[in-house]
Structure formats: structure tokens, C-alpha cells
Amino acid sequence: MTPARSSTRHTTAWLWLMTAVLLAGAAARVLRLDTFQVHHDEVWSVFQTLGTPAQIIQWTPYDWAPLYYLLLGGWRMLVGSDPIVLRFLSAALAVLTLAVIYRISLHISGRAAGGALAVLLYAMLGYSTYQSVVLRGYSLLILLAALTFWWMLRYFHRPTIRRGVLLGVLLAAMLYTHFSAAFAFAAFGLYTAVTMPRRLLLWAGPVALLFMLNLPQLPRQVRFLTTQSNFSVRPEPLPLLENVSGLFTRFVGDGWPVALLALAAAGILAFRYRSAGRAGIALVLWFLLPVAAYATPFTRIFTDPVDGSFLLRYVWWAALPFAVWIGCKLASGPRLMQMGSAAALAGCLLIAPPADYDETSPPFMTYFPQVGAVMRAGDAILVDESVGIRHPYQWQYFTELYLPQGVEYIDTADSHRRIWYISADGWQDADTYAALTASHVPGVFFGPWNFLIRLYEAPPDPPGIRFANGMRFHGAEIIGAPDRAVASYHEGDAIQRRLWWSVDEPPAADYSVGVYLFGADGNMRLENNSGPMVTDGGSETSRWQPGRYYVETRDLTLPMNIHAQQMELRMSVYQWWDGERIAAEALDANGLLLLTRLHLMSWWMG
């Protein structure tokens, strides 16, 4: 085998290997796009893009810059507003980040194995996975940071004007995404100061270009730092060891034991082979910057305003050097160690990000589609105080997305026939719940106890028709049918009709109900006779009590082999022991009440 052919096969093998690694990293993200509920910050990201580019810039939150929102706005115009489809943008940016990390590690270590191991380590980090499946600008910011660092290495390796200009543009793009890019800038400066101290002046051109490009948003940044920040009122950070260990486990996720072993192995290899080098030292100092911050007043910038722990979203820039350093060091070890490390890190891709990453958010994405499948035009939504509408734009987004037939939000149980009541079960407002249940009957429901969505229905005819035996009929409806004026069916179709009852006083006996289907010629085609088929309350009418509704559902299969015609559905209340029908207003001469008319389509030629 010639050296050229051997080299070609080696390159091809690494190409296939890296393709597999990148596909595994992509799968770990795409398969988790629906793991977390879409929280209010994600919805705001989408909500902000519902305008022109000028409006998107104008609506940008005070602590962000507009580049991500402009990108998301263009993506939304291409793919629509479904949150899962929109989240593909974050996943795509994350896969590009993995590819750039490979190039960075290859440049620093000179080994393809270093790039592969760094990519696997970064891909298994719980926080990197989380940011790649949510609609937040950090996915773009992380990609730009990796791309800027890689281009910085190329620029300082062989400086040219073109490379310097592009480096300045990339730095500006980071700052036009989020102001925390400044922390990454400090890390870039630290890296070059350690690895290439004599070339620090090469920063002059890119930094000057960055300053000029940043001038349009400089007033906004100054205003944010001087009037909007709350860094000074944050509590003292947790003790150093507790804070750093907590940051490590939360950043890595449930695969932290594997990451800790990889870190230990990398440290042993660096000590054994004395291969730290300036690049290794710079990367270690870089991801230890949060520790160094304890010696400065800037520590509070990175801490949670409630418990004093490090905020993951403010130290996003520490993951890159962590993964690159470990990957490069593991690549210097024996082949067996490399293969074992790769297998263990790849296995961690199967571990989902910790559940506590999930922002507290109502499960709209899970249950609103189910509600939309059975909701009718004219329905209303009543949100109980136990749930509340904390972020109105979030409710508007999911309503327009999953309930396109239109729905009205109401404050009290009013004249709407069908009301979807959203509450925390057992914690409902007593007055609201009492008023609703006094006039409406509970039906189908969706969701967990703390976001229970239940349909409450009032009868079609609240006053109703009184029968002589004390029973009162409040109307009928065909489940799933459109307006009865256009209710059309095929022969043999199965339909369900719902009958609503109450009593003015308990009937003296148990009565039966008959439902009959008549053709246009007046002949009866079908009949259904039985006691009321009430699932909640019993079919014995003598046990019915005033003050509540009794709802029965009956199945009916339309006849076959008849001519197309209009048919009528009629009903009677009768004494089962002698067949005598009970009198009431609006009955015809045969003691029957017209319920509805059906249009039956048939091509039978008999």
C-alpha cells in the first residue's frame, strides 16, 4: 500500500467518524425539541418577530441586542410559528457549533482525535443541549463565540487585513447578539496574552473596527449598565467551593461523573507528559475565570439574585475551553483510553438535560392541541385565579397557534354554552367554581392537576320543555355535528346524540325515553327505546332530584339501502308498562317532539 493511498484511507475514515459524531450530537438535540415546555421567554422571542425589521429592533429587550431576533424573524417567515419547527433553528446553530469546536481542537492539538473528543464532551453537556433546544439567543451567541475564537486563532497565526476585518465583524456580531459577549472578549484577550503576548498589538485593528460597528448601540448599552442593572443589589455569592461544584454539576447535567473522570484523566495526562503548553494554560485560566471573579466586585454579576449561586446563562462562555482542553489532553493518551473516553461520552448523549433546567411554564404545547381538536366555534375560556394569566402574550401565542377557530376569554361564568375552565384542581376560586357548576355540567378534561382544562357545558335550551310527569327536557345535540341546518350524513353513518334533562320535582315512577328516525314519507326507519342512559345519576327517573342536569348519550346507526332524503329525529317520554306517552307542549299529534332534521346522502337505486 502506498503512503498516499494509506493517507487517503485514513482521512476518509476520520471523515466518516466525524460525520457520525456530528450526527449523534444533532440527534441528541433534535430528538429533545419537545422535552421542555415552551416558556414565556421563548414565546417573547417569537412574539417580538411579528413585525418589520425596524419594529423587531425597536422591540428588542433592554438586556439583549437585535441580531438573534432578526435571524429568528427570517426563520419564522420561512417555516411558520410552530414552536417545535422554530426550535430547529437552535438545533441547527448547535450542530454548526460542534463543527467549529472540532476545528478549534484540531488547530490546538494537531490531532483529529482531540477534535472528536472535544466535540463529544461539549455535545454531552446538559446546558449546551438545553440551549440548543430552546428559542433563546444563546444558541447564536455560543456559535458566534466559537467561530470568533477559531478565526482569532487563524488571524494571530497568520495576520492579514482581511482576517483582521472579519475578526472585528465577528466580535461585533457577538455584541449585537447579547451584551454578555464582553465576558468572552475578556477570555479571548486572556488567551492571546498567555499564548502570544508579543502579538497583543494585533488586537488594535479588530478592536477599533468593533468599536466603530458598535457605536449605534453604545447609548443603549450605557443606559442598561447605569439604569437597568441590578447587580449591586444581588446577594453575596455562595462559598467558593460550593458554588463552583454546583456550577459544574448543573452545567454538565446528570452525566457529570463521566465528565469528572474525563477531567481527571486529562489532568493526569497533562502532568505525565508535561504537555500543558501555553494554549493548555490559557484554556485552564479561561474556564477558571468564574473562580477568579471571587477576587473582584464582578462576582455578583454572575450570581442568582435569589440564592447567590452562579447563573448558568451568564457563564455560557466557560464551556468552550472546558471541552477543548479535555478533548486535546485525552487525545494525547493511549489509543485504548481515547476509545473508552469516546464511548463513555457518546453514551452520555442519551442522558436528557436535567428537569430543573425547565422554566416554570403552563403545558400549553402538550394540551392546547388536544383542546383545539374538540373545541367548537363560540366556545369560551375561563381562567381561574388559581392559575392566572401571568404572561398574556404567551396565552395569545398558543391560542392563535392551537385554537385557530377562535375563542373568547371571559372573566365569569356567563351565557356561553361551552366554557373551558382552566384551574388548579382543588384550589379553585370558590365563588367562580360555584357559579360555573350551578349552570354547567363538567365534561371532557385535559392536563395535570395544576393546569386542569375541563369543559363545562350548559344545556341547549336552559328554560326547557316541561312534561306532565315533572321531567323537563332542555334540548338535544348531535356530538361533533355542525349546525343542524347543514347536518349531512352517509347511509350507515354512526352518530351520537346527547339529551339534556332535569326535573321540577322527583317523578312518581321510572319513565322511558324513545328516539325515532322518520323518513320524508313519514314512515319510521329506526327506533331506540330505553330508560334514560345517564352515566352520572342513574336511569331510574324516580331517583332524580331538582337542581341539577341529567345528560344521556345515545348511539344511532343510520339505515342502509334507502333513497337520499331528509330525515327527522323525534323523541317521546312514555310509560314503559303500557306505552302511554307523557304530554308536553310542542308535541305533535302522536305525542312526539321534533329534535332535529338530518340530510342523508345515498346512491341506492332500489
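Structure: above.
Below or above, wherever it landed, is the structure these notes cover. (Residues numbered from 1 in each chain as written. Predicted model: local features only at pLDDT ≥ 70, side-chain atom pairs only at ≥ 80, totals over all residues. Heavy atoms only, no water.)

## Details of the overall build of the chain
Then comes step 1: For the chain, the helix and strand inventory stands at 21 helices and 14 strands.
Then comes step 2: Here the chain has a C-alpha radius of gyration of 34 Å; the compact-globule value for 606 residues is 25 Å, and the former is much larger.
Then comes step 3: Counting all 606 residues of the chain, 49% fall into the buried class.
Then comes step 4: Relative to all contacts within the chain whose residues are 6 or more apart in sequence, the contacts with residues 24 or more apart total 75%. (Helix = DSSP H or I, 4+ residues; strand = E, 2+ residues; numbered from the N terminus. Rg over C-alpha atoms; globule rule 2.2 N^0.38 Å. Buried < 20%, exposed > 50% of the residue type's maximum accessible area, 1.4 Å probe, protein only. Contact = heavy atoms within 4.5 Å.)

## As for the pattern of salt bridges
Then comes step 1: In this structure the tally under the stated criterion is 18 salt bridges.
Then comes step 2: A salt bridge links Glu42 to Arg87; the nearest nitrogen and oxygen atoms lie 2.9 Å apart. Residue Glu42 is located in helix H2 (residues 40-47), and its partner Arg87 is located in helix H5 (residues 83-109); the two are separated by 45 residues in the primary sequence. The pair formed by Glu42 and Arg87 is uniform in burial state, with each residue classed as buried.
Then comes step 3: A salt bridge links Arg417 to Glu457; the shortest N-O distance between them is 3.9 Å. Residue Arg417 is found in the loop between strand S2 (408-410) and strand S3 (418-423), and its partner Glu457 is found in strand S5 (residues 452-457); the two are separated by 40 residues along the sequence.
Then comes step 4: Look at Arg417 and you get partly exposed, because its relative accessible area is 25%.
Then comes step 5: Accessibility expressed as a relative area gives 6% for Glu457, which makes it buried. (Salt bridge = Lys/Arg side-chain N within 4 Å of Asp/Glu carboxyl O.)

## Describing the sheet that holds strand S9 (residues 494-503)
Then comes step 1: In spatial order, the strands read S6-S7-S9-S12; together these four strands make up an open sheet with antiparallel pairing. Both edges of this open sheet fall to strand S6 (465-466) and strand S12 (550-557), since each of them pairs with a single strand only.
Then comes step 2: As paired strands, strand S7 (residues 471-478) and S9 are joined by six bridges and run antiparallel to one another. Residue pairing in the sheet places Ile478 in a bridge with Arg497 of S9. (Pairing = 2+ DSSP bridges.)

## Quick notes on the environment of Ala99
Then comes step 1: Residue placement: Ala99 occurs in helix H5.
Then comes step 2: For Ala99, a relative accessible area of 29% puts it in the partly exposed group.
Then comes step 3: Taking C-alpha positions, Ala99 is 24 Å from Leu261, a pair spaced 162 residues apart along the chain.

## Section: the nonpolar core
Then comes step 1: Of all hydrophobic cores here, the largest spans 127 residues; its most connected members are Phe149, Met174, Phe188, Trp316 and Phe368.
Then comes step 2: Ranked by residues supplied to this core, first place goes to helix H8 (residues 138-157) with 15 residues.
Then comes step 3: Once you skip the residues sitting within four places of it in the chain, Phe149 turns out to touch Ile104, Ile108, Phe188, Tyr191, Leu283, Trp286 and Leu320.
Then comes step 4: Counting 32 residues, the second-largest nonpolar core is a separate cluster that includes Ala509, Tyr511, Leu517 and Leu587. (Core = buried A, V, L, I, M, F, W, Y, C linked by side-chain atoms within 4.5 Å.)

## Examining the sheet that holds S2
Then comes step 1: Overall, mixed pairing links the five strands, which are arranged S2-S1-S3-S5-S4 in an open sheet. Edge positions in the open sheet fall to S2 and strand S4 (441-446), since each of these has one partner strand only. Across this sheet, the average inter-strand angle for adjacent strands is 30 degrees, counted without regard to direction.
Then comes step 2: Where strand S1 (residues 380-383) meets S2, three bridges bridge the pair, whose relative direction is parallel. Within S2, the position partnered with Leu382 by the bridge is Ile410. (Axes fitted to C-alpha atoms, helices over the stretch in contact; angles between N-to-C directions.)

## Here's the deal with unusual backbone geometry
Then comes step 1: One non-glycine residue, Ala586, lies in positive phi territory at about 75 degrees.
Then comes step 2: Structurally, the position occupied by Ala586 is in the loop between strand S13 (563-574) and strand S14 (593-603).
Then comes step 3: For Ala586, a relative accessible area of 58% gives the class exposed.

## So, the side chain of Glu477
Then comes step 1: For Glu477, the position within the fold is in strand S7.
Then comes step 2: In this structure Glu477 comes out as buried when scored by relative accessible area, which is 8%.
Then comes step 3: Among the polar contacts listed, one links the side chain of Glu477 to the side chain of Arg417, at a separation of 3.2 Å.
Then comes step 4: Each residue touching Glu477, except ones within four places of it in the same chain, is listed here: Arg376, Arg417, Glu457, Gln496, Arg497, Arg498 and Trp500. (Polar contact = N/O pair within 3.5 Å; in protein donor to acceptor, adjacent residues only side chain to side chain.)

## Topic: helix H11 (residues 204-214)
Each turn of an α-helix holds 3.6 residues, which means side chains three or four residues apart point in the same direction.
Then comes step 1: Taken together, the buried positions of H11 are occupied by Pro206, Leu209, Leu210 and Asn214. Along the axis of H11, the buried positions cluster into a sector of 125 degrees, meaning they face one direction only. (Arc of directions from axis to C-beta.)

## Quick notes on the state of the cysteines
Then comes step 1: For the structure on display, the rule yields zero disulfides.
Then comes step 2: Of all cysteine sulfurs in the structure, the one in Cys348 sits closest to Cys328, which takes part in no disulfide; the separation is 19 Å.
Then comes step 3: You can call Cys328 buried: its relative accessible area is 9%. (Disulfide = S-S within 2.5 Å.)

## Focus on the environment of His599
Then comes step 1: Locating His599 in the fold gives a position in strand S14.
Then comes step 2: On the basis of relative accessible area, His599 is assigned to the partly exposed category, the value being 28%.

## Let's talk about the packing of helix H4 (residues 67-79) against H5
Then comes step 1: Between H4 and H5, the shortest axis-to-axis distance is 9 Å and the interhelical angle comes to 130 degrees. By the angle between their directions, the pair H4 and H5 is classed as oblique. The crossing of H4 and H5 is right-handed. Where H4 approaches H5, its residues Tyr68, Leu71, Leu72, Trp75, Arg76 and Val79 are matched on the opposing element by Val85, Leu86, Phe88, Leu89, Ser90 and Leu93.
Then comes step 2: Here the contact of H4 with H5 is composed, by residue class, of ten nonpolar, one polar and one charged. (Parallel < 35°, antiparallel > 145°, perpendicular 65-115°, else oblique. Left-handed = near helix turned anticlockwise from the far one by under 90°. Nonpolar A, V, L, I, M, F, W, Y, C, P; charged D, E, K, R; others polar.)

## As for the pairing of strand S10 (residues 512-518)
Then comes step 1: Of all seven residues in S10, seven are buried; the element is thus mostly enclosed.
Then comes step 2: The pairing of S10 with strand S11 (residues 524-530) spans six bridges and is classified as antiparallel. By the bridge assignment, Tyr516 is partnered in S11 with Glu527.
Then comes step 3: With antiparallel pairing between neighbouring strands as the criterion, S10 and S11 make up a hairpin whose turn holds five residues, including Gly522 at a positive phi of roughly 90 degrees.

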